[in-house]
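Examining the three-dimensional arrangement
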Amino acid sequence: MAFQPKTPSRHRSRSEAKTPLTPSLLTGLNAISFASPTKAGGKGSDLTNPFFTNNVNASRSSSPVKRASGSINVSDSLQKQANTADAANRDEAGSEEVEVATNMDDVAANLDMMSLNTQSSSPGHTARLAAATGVPLNRRILSYHEAPPPSASDSMLSQQRELVRPLYGRPGALPTSTSTSTKTRKISTQPERVLDAPGIVDDFYLNLLSWSCQNVLAVALAESSYVWKADTGEVTQLGEAPEGTYISAVDFANDGNFLGVGVGTGEVELWDVETQKKLRTMTGHSSQVACLSWNQHVLSSGCGDGSIWHHDVRVAKHKVGELLGHQGEVCGLKWRSDGELLASGGNDNVVNVWDGRIGDVGAAGSRGAARWTKRNHTAAVKAVAWCPWQPSLLASGGGTNDATVHIWNTTTGARLHSLTTPSQVTSIQWSPHRKEFLTTHGFPTNALMIHAYPSMERVVEIRDAHDSRVLWSTLSPAGDVVCTGAGDENLKFWRVWEVPKVKKGKEVKEAGRGSTSSNILSIR
Amino acid sequence: MCASLVVLILWLLSILFQRGVYPADDFHMVKKYGQTVLVTQDLALENYLEKILAQMNKWLLTGSVTQIVLAIISKDSRTTMERWVFDINVVQQPAIDAPAPAKPESEIQAEIRNILKQIVSTVTFLPVIDEPTVFNILAYTSESADIPANEWVDTDPLAIEAGKSQQVKLRSFSTDVHRIEAMVAYRYEG
């Protein structure tokens, strides 16, 4: 070809085997000569990185002195321009050279990052270049022939994990309260005793535990009710629910002789604990009776349809009152120990406090109206508890969406305190001897917590008290042990409070129980 | 295994984790060297690193590697985003079998701890990488180095253009045999 003789000798020597090169092929060679042969095909960087394109080749393959002559071919266009032998074009080519020269600083900065292809140019020239740029020659840049493997984990999966992480997350445990009261006593975070409760129904709305003043614990396991004598550890099956239904609530009468049992079909049964006989069945409710509360001879029952009935267990016409104030299922029901007030919580997020005075037996319109109604909770109110040492105090706790405990003054109807907890409040127990109350919680903490009143400071938190949500709790008559039940089919006994020391040793419990029951008697 | 290689592994893994080259799911924490270190759960990556590091080990012991570079490259545009450079200086001519480091264990552990801590802290000044990235490990070896054929190939330095690069020197690490100086260069325009 016409331009062939014009190709500098350096180029010819480099590509002797391929002497008859077309211009396009030559430029192609220029472009790829820098990269290693194996990588050349796949390497995009030669094209994207301006420093590794033709300019770099030029700077590498020729010394600056030689390039100053202006006869160097750098690119295809330059070559063509050179071929025309036009003086003006030569000037242009010269200016391009100057630009290359100004880029030399940058190139030099990058030179130490590069390997020098010593085979392609004369050893003498390479040595001179190496000396001029201060780059050691005996260096190679190597990389492993395989590309690193892509991540094997599914990006979609990891994204989904990211999204559900908050659901698994548990709020961080708060530092334990530093009040002096906690320092003086240690609360065991281990249960004192664990009882197996096979088949206990894992239902938030039921109330399946009750501890009588005679130190007898009643528990309903599906359709059977059992009593466990805490003193002897003796277990007796009390009775069974009618065929095809289950027990939804149990509650001991205040004297501990009778057990009220609510069943899924709406009947309320009365059992004699001593003789283990069913005394009567009181019908009338249209759906499940999930909570019961005694006030002397009156057994109040909260029904799935939102009604609360008073049953006088002594008379044949048992229904002596009806309280209508809940739109949803009544899931918490507690008489104040003096029988003046009845507190109820419902699945409609409402807390009602009712006047306890019941009209004459048989009076047609003996329907009460709530003394006051509170709608502060944002979830079902299952936990309601009257304070034993300050009768006007009522604590109520909301479900999952709410997880808040409110303390009410029932005389004025004022909300005195509120406490946000990490998870749903399933029950509240006030300590009879201390200014504290215990709350039990559901998922995710499954915890027992003790709070001081009125500071609302957390005294202790026992996380993962059960393997699943803690649903029920009941306080021993002595006021020292709390029994909790959960869907994990365990009943656990926690000694969280002490009975004030009256006597030492084994008699303490007896004395404590005696004093508690005498309290109840005196209140009556 | 050469002590400096152990450190290099920790270094590389924690960079791959911190810079998000591999998702966090691929790593898990292991108690090691008196602290929690990251270990990859990705078998393919583990094998890959093992192959590379086995060769590095040989080079380190013969003193023929002068620099190891971990380049983090954009997956799509193939431009180099970050270049983690480990300069390896041979303190003394090593014997063929690795001499046990005479440095007290506690001191080495403290150094490892500091190095890993510093890598975590680099996240604060390094630009956030939004795009998916891959990495490449380069070894700068002497011409005379023993190179297994077909496994290691001459390559581009994957440099970041001088005008667009910022460099930060990191902590160094030294054993009786090697002194490793670390440096990170990252693309920064603006």
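These numbers were taken from a predicted model, which means no experiment stands behind them. Residue positions are counted from 1 within each chain, in the order its sequence is given. Each chain takes a letter, starting from A, and each ligand takes a number, starting from 1, following the order in which they are written. Residue-level local features of this predicted model are given only where pLDDT is at least 70; pairs of side-chain atoms are given and counted only at 80 or more, and the full residue set underlies all totals for whole chains, interfaces and linings. Water and hydrogen atoms play no part in the side-chain values, which are based on all heavy atoms of the structure.

**Considering the packing of helix 1 (residues 3-18) of chain B against helix 2 (residues 43-62) of chain B**
Residue and element names in this part refer to chain B.
- In this analysis an axis means a line fitted to C-alpha atoms, helices contributing only their contacting stretch, and an angle means the value between N-to-C directions, from 0 to 180 degrees. Put simply, DSSP H or I for four residues or longer makes a helix, DSSP E for two residues or longer makes a strand, and each gets a number counted from the N terminus. Two elements in contact, helix 1 and helix 2, have axes separated by 10 Å at closest approach and are oriented at 145°. Helix-helix and strand crossings are classified by hand; for helix 1 and helix 2 the assignment is right-handed. On helix 2, the residues that touch Leu5, Leu8, Ile9, Leu12 and Leu13 of helix 1 are Leu49, Leu53, Met56, Asn57 and Leu60.
- Grouping the constituent residues of the contact of helix 1 with helix 2 by class yields nine nonpolar, one polar and no charged. In this scheme the handedness of a crossing depends on how the near helix is turned from the far one: anticlockwise by less than a right angle means left-handed, clockwise means right-handed. The contact rule is simple, with two residues in contact once any of their heavy atoms fall within 4.5 Å. Just so you know the grouping, Ala, Val, Leu, Ile, Met, Phe, Trp, Tyr, Cys and Pro go in nonpolar, Asp, Glu, Lys and Arg go in charged, and all remaining residues, Gly too, go in polar.

**Focus on the environment of A:Arg336**
- Of note, A:Arg336 is situated in the loop between strand 15 (330-335) and strand 16 (341-346).
- Not counting the four nearest positions on each side in its chain, A:Arg336 is found in contact with A:Leu341, A:Trp386, A:Pro391, A:Ser392 and A:Thr410.

**Remarks on the sheet that holds strand 5 (residues 133-142) of chain B**
- Note on pairing: two strands pair once DSSP finds at least 2 bridges between them. One open sheet accounts for seven strands, arranged 6(B)-1(A)-5(B)-3(B)-4(B)-8(B)-7(B); its pairing is antiparallel. The open sheet terminates on both sides in strands that have one partner only, identified here as strand 6 (152-154) and strand 7 (165-174) of chain B. Taken pair by pair, the neighbouring strands of this sheet meet at an average axis angle of 25°, ignoring direction.
- Direction of pairing for strand 7 of chain B relative to strand 8 (residues 178-187) of chain B: antiparallel, over a ladder of eight bridges. Bridging across to strand 8 of chain B, B:Ser174 finds its partner in B:Arg179.
- In the packing of helix 3 (residues 105-122) of chain B onto the sheet, contacts are made with strand 4 (80-90) and strand 7 of chain B, and the angle to strand 7 of chain B comes to roughly 165°.

**Remarks on the confidence of the model for chain A**
Residue and element names in this part refer to chain A.
- Residue-level confidence of the predictor is summarised by pLDDT, bounded by 0 at the bottom and 100 at the top. Per-residue pLDDT for chain A averages 74, and the proportion of residues at 70 or more is 63%.
- A low-confidence stretch, residues 174-183 (pLDDT under 50), is modelled with eleven contacts involving residues beyond four sequence positions or located in other chains.
- Counted against residues more than four places away or in other chains, residues 504-524, with its pLDDT under 50, gives 19 contacts.

**Re the packing of aromatic side chains**
- Each Phe, Tyr or Trp ring (for Trp, its six-membered ring) is paired with any other whose centre lies within 6.5 Å, and the angle between the two planes then decides the class: stacked below 30 degrees, edge-to-face above 60, tilted in between. Applying the stated criterion across every chain yields a total of 17 aromatic pairs over all chains.
- Look at A:Trp211 and A:Phe493: their rings are 5.7 Å apart centre to centre, the planes differ by 90°, and that puts the pair in the edge-to-face class. One end of the pair, A:Trp211, is in strand 3 (residues 209-211); the other, A:Phe493, is in strand 30 (residues 490-495), and 282 residues separate them in sequence.
- For every residue, the accessible area (1.4 Å probe, protein chains only) is compared with the maximum for its type, and the residue is labelled buried under 20%, exposed over 50%, or partly exposed between those bounds. On the accessibility criterion, A:Phe493 (3% relative accessible area) is buried.
- Plain terms: the ring middles of B:Phe17 and B:Phe27 are 5.3 Å apart, the flat faces sit at 75° to each other, and that makes the pair edge-to-face. Separated by ten residues along the polypeptide, B:Phe17 in helix 1 and B:Phe27 in strand 1 (residues 27-32) bring together distant segments of the chain.

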